[in-house]
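Residue-level listing of the chains:
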Amino acid sequence: MAKLIYEFSEGNMSMRDLLGGKGANLAEMTRLGLPVPPGFTLTTVACHEYQQTHALSESLLQELDQALDHLSQMTHKQFNGTSQPLLVSVRSGAAISMPGMMDTILNIGLNDQTVTALATLTHNERFAYDSYRRLLAMFGNVVYGIEEATFDQVLTAAKQAHGYQSDLELTAADLKQIVTAFKAIYQQAGKGEFPQSPKDQLLAAINAVFESWNNHRAQVYRQQNHISESLGTAVNVQEMVFGNAGDRSGTGVAFTRNPATGEKKVFGEYLLNAQGEDVVAGIRTPQSIEVLQAEMPVIYDQLMTIAEKLENHYQDMQDLEFTIENGQLFLLQARDGKRTPYAAVKIAVDQVAEGLITKAQALLRVSPESVSAMLHPEFDPAVLAQQTPLTTGLPASPGAATGQAYFTAEDAKQAADNGTKVVLIRQDTSPEDIDGMIVSQAIVTSRGGMTSHAAVVARGMGATGVVGAHEITVDYAAKVAKVGDQVISEGDWVSVDGTSGELYLGQIKTTSAGVKGELSVLLDWAKDVAQMGVYTNADTPQDFQKALDFGADGIGLTRTEHMFFKPERLVQMRRLILAEDAQGRAEPLAQLLQMQQEDFYQLYKLAGDKEVTIRLLDPPLHEFLPHDEEEIQAVAQQIHLAPEKLRERTSALKELNPMLGHRGDRLAVTFPDIYQMQVKAIMKAVIRLHDEGLEVHPHIMIPLTDSRSEMAWVRQLVTDEIDTMVAESDLHLKYAVGTMMEMPRACVTADQVAEVSDFFSFGTNDLTQLTFGYSRDDVGSFMPEYIKQGILPADPFQTVDIEGVGALMEIAIEKGRQTKPTLPIGVCGEVGGDPASINFFNAIGITYVSCSPYRVPVARLAAAQAAL
Ligand code: PEP
Ligand code: MG
């Protein structure tokens, strides 16, 4: 039978799946000889067993007794001991870290007897009762679901009655009374007596932690972070050490590098005379770790040495939890530290320079999505210079965000569901607020430090975050926040700068960030490693320039129809479509030729020697036509046509299934002069650039091809036009005419299609539409439900469907390269910028992906990761 409990001394860091991240790391640190209080881990297998029956199995209970006996021996303490009481913590710990989402109970083992034993042993009655009241509150909340606020109210009332500012002023006598009041809360809540047996407390706590895997906030977090429901959590039971044992005790967290900026300097915070959750919960604003250097230099040095040792050992930035008990340092946790996208990139690049990791490791350290977050906007510096901040807090998570103020997670969620951009402003946040935090552009708190819940979650989500802005007071009942006499009411616009920690009233304009500094270094390494090229989909010089700045290798798709939607062009396009015959089309075609020629000239000029793939007109013609009577009247006037005539033509062009109708290369067959005009425009641009000294090799792409004969027909049309133009000039032109692969029929006959194509480019938007039979414009009505019900793992228009669409792609690649072994094959549908899809494309031999400019840096990193 599987072993269900491992002592820390029995495990190691490779056992994450079984022991959870926390358990595996506690075991590893124990192995490294670091000061870790002894304990043991109930495995994720035990959790799975529990989830079946919602009860602890006999074999688990037996192992638990043995583990407890051994812990007693090691610590020389006993459960219920009257001289040396054993107290333990019970903490969750899944294989993938889910900070604060599941439950923890500290000080288990305290009861009416052991509390006095602890008081006598430590000569500190205050400490003993402080620990007891904490147990009562945590146990009540976690095991019985009694609201934390119910306990907090009693605590606050006691402080107010004595005129105390902080918890630290509560005396032993006060705390005894609080303990009595807390016990009464159990009675009032109908939960009976607080269990006095330490063993009963422990069993109830273990049950509750296993249960907490399925609590609402944990589920939301898993969904948000794509963590599998089936993993389960381990449970760690560990001897307590006390940060609340007096002034030479404390508790804190430290990162081996700055988690917001990535700076190589230990960054941390601690609270003296406090216990675990106090720092993270943001209840008291902690001291910076530098103060510890002055207050307890020996401990500080020891902590720095451990930080360095751990970072070198794990070869990554670590997040440590420590406790100091009467001048002795203990480590309670180490894990890879959560960091902002900026910090992730800087740390990875710095660690390569330090020789700690390789370039390949660095490339794998940064998630492609976090690159996308780095391209989020910054406040326009010129505008910012003219503004005065309302107040400043700690810069917990960089970025710039503008939104409307809301003060509760619920209100924030509701507003965001209605399309409002939300900034959540609170005194502090707790895991219960996760729903509201996820939808917020920025999170601002008045209390808490850089490691408070709000800060950690904001960084994890890539949301802008400012914490500990202590000038802010929030009145939840009145739904206002105040800074001095300035009032922020619900719905007021505010702007938050997570890089400087400043909060402004009103909306501030943002500018887009670029690829610079360490990100640029990392993406250069990515280029060296990647097998696939990364092109862009761009229709304007502005978009193309952006993509070039982001490192695009060329253009994989120019949707020429997008060039026709400017008002002056739309007129010509309409005249063209509505003309009765070739003669009527000649004049608008001549006009469009001029305009298109200039479009292509600009793109080619920007591209230099990079490839520019121009796709000839694709969409159904009626897209260019008026849709209602009002538009008909306006257009009729604009193009000097009688409204009746226009109505007649429009209805003649109307189709029942336009996306399956008269579009793409079918237009070329019925209206060859449109494609001829576009090719002529391309050639005129090419000749003009040739005259200016730039040799362009045009890549012309035909949309919607479904057979060899169709492609051959259109190819002939295109090459005849090219030949005519070349004959009139002194060009020695190299060109390529290729096809999009978006019809299943083209994929399965790709060997034939390749005979008349110089390249393929998968249009996965249409290919997915036609493979599933899902209208790409209408999937919104059912797709979310398909994903929620698990019928589809993801939206196939966003992440390629490997089994279906992917299989067709593989057939097309294999057949296409049977005919032409070196056939270049790209992907230019939406999934071309999706990291998971890119990984698949790399595996099946795609030559390049093409995506929108802002996805280019993401795709570059994903392409490198796919190759590693
Ligand atoms: C496609 O179908 O994937 C494609 C790139 O073309 P469009 O989106 O313009 O139809
Ligand atoms: Mg298409």
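Residues numbered from 1 in each chain as written. Chains lettered and ligands numbered in written order. Predicted model: local features only at pLDDT ≥ 70, side-chain atom pairs only at ≥ 80, totals over all residues.

### Notes on the domain arrangement of the protein
Taken as a whole, the protein is organised into domain 1 (242-339) and domain 2 (376-508). Placing a centre on the C-alpha atoms of domain 1 and another on those of domain 2 gives a separation of 26 Å. It is helix α10 (residues 277-281) that provides the largest number of residues to the side of domain 1 that touches domain 2, a total of three residues. Tallied by class, residues from the side of domain 1 that touches domain 2 come to seven nonpolar, two polar and three charged. (Domains from an automatic or database assignment. Helix = DSSP H or I, 4+ residues; strand = E, 2+ residues; numbered from the N terminus. Nonpolar A, V, L, I, M, F, W, Y, C, P; charged D, E, K, R; others polar.)

### Here's the deal with the site of ligand 1
Close to ligand 1 lie L557, R559, D618, E742, G763, T764, N765, D766, C828 and G829, which account for all nearby residues. Where the shell around ligand 1 is concerned, the elements lending two or more residues are β25 (554-559) and α31 (764-772). Considering every element that reaches the shell around ligand 1, the biggest residue donor is α31, with three residues. Looking at side-chain class alone, the shell around ligand 1 contains two nonpolar, four polar and four charged residues. (Near = placed C-beta within 6 Å.)

### A look at the nonpolar core
Within soluble globular proteins, side chains that are nonpolar generally end up buried alongside one another. V90, A254, V423, I425, L522, V849 and A863 are the most contacted members of the largest nonpolar core, which has 247 residues in total. Looking at this core element by element, the count peaks at 11 residues for helix α5 (residues 125-144). Shared between two domains, this core takes at least three residues from each, and those domains are domain 1 (242-339) and domain 2 (376-508). (Core = buried A, V, L, I, M, F, W, Y, C linked by C-beta atoms within 7 Å. Buried ≥ 20, exposed ≤ 12 C-beta atoms within 10 Å, placed from the backbone.)

### Let's talk about the environment of Q219
Here Q219 lies in helix α9 (residues 216-224). Between the C-alpha atoms of Q219 and E229, which are 10 residues apart in sequence, the distance is 7.9 Å.

### Side note on the UniProt feature "active site" (unreviewed entry) in the protein
Mapped onto this numbering, the UniProt entry gives "active site" (unreviewed entry) at H453 and C828. Maximum C-alpha separation among the annotated residues is 40.8 Å over a sequence range of 376 residues, too wide for a single clustered spot. Counting through the fold element by element, H453 comes out in helix α19 (residues 453-461). Exposure remark for H453: the 24 C-beta atoms within 10 Å place this residue in the buried category. Given 29 C-beta atoms within 10 Å, C828 falls into the buried group. Setting aside residues no more than four positions away along its own chain, C828 makes contact with N537, G556, L557, S761, G763 and S850. (UniProt positions renumbered as here; feature names shortened; annotations may be inferred. Contact = placed C-beta atoms within 7 Å.)

### With respect to the UniProt feature "binding site: substrate" (unreviewed entry) in the protein
Feature annotation in UniProt places "binding site: substrate" (unreviewed entry) on R559, R615, E742, G763, T764, N765 and D766, given in this structure's numbering. With respect to the helices and strands, the residue R559 is situated in strand β25. Those residues in contact with R559, other than ones at most four positions away along the chain, are D539, R615 and D618. By the secondary structure assignment, T764 is in helix α31. Non-local contacts of T764, meaning those with residues more than four positions away in its chain, are made with V800, V805, V827, G829, E830 and V831.

### Quick word on the packing of helix α34 (residues 835-843) against helix α35 (residues 856-867)
Direction vectors running N to C along α34 and α35 enclose 45°, while the axes themselves pass 9 Å from each other. Of the possible angle classes, the one that applies to α34 and α35 is oblique. The two elements α34 and α35 cross, and the hand of that crossing is right-handed. Residues P835, I838, N839 and N842 of α34 touch α35, and the partners they reach there are V858, A859, A862, A863, A866 and A867. The residue makeup of the contact of α34 with α35, split by class, is eight nonpolar, two polar and no charged. (Axes fitted to C-alpha atoms, helices over the stretch in contact; angles between N-to-C directions. Parallel < 35°, antiparallel > 145°, perpendicular 65-115°, else oblique. Left-handed = near helix turned anticlockwise from the far one by under 90°.)

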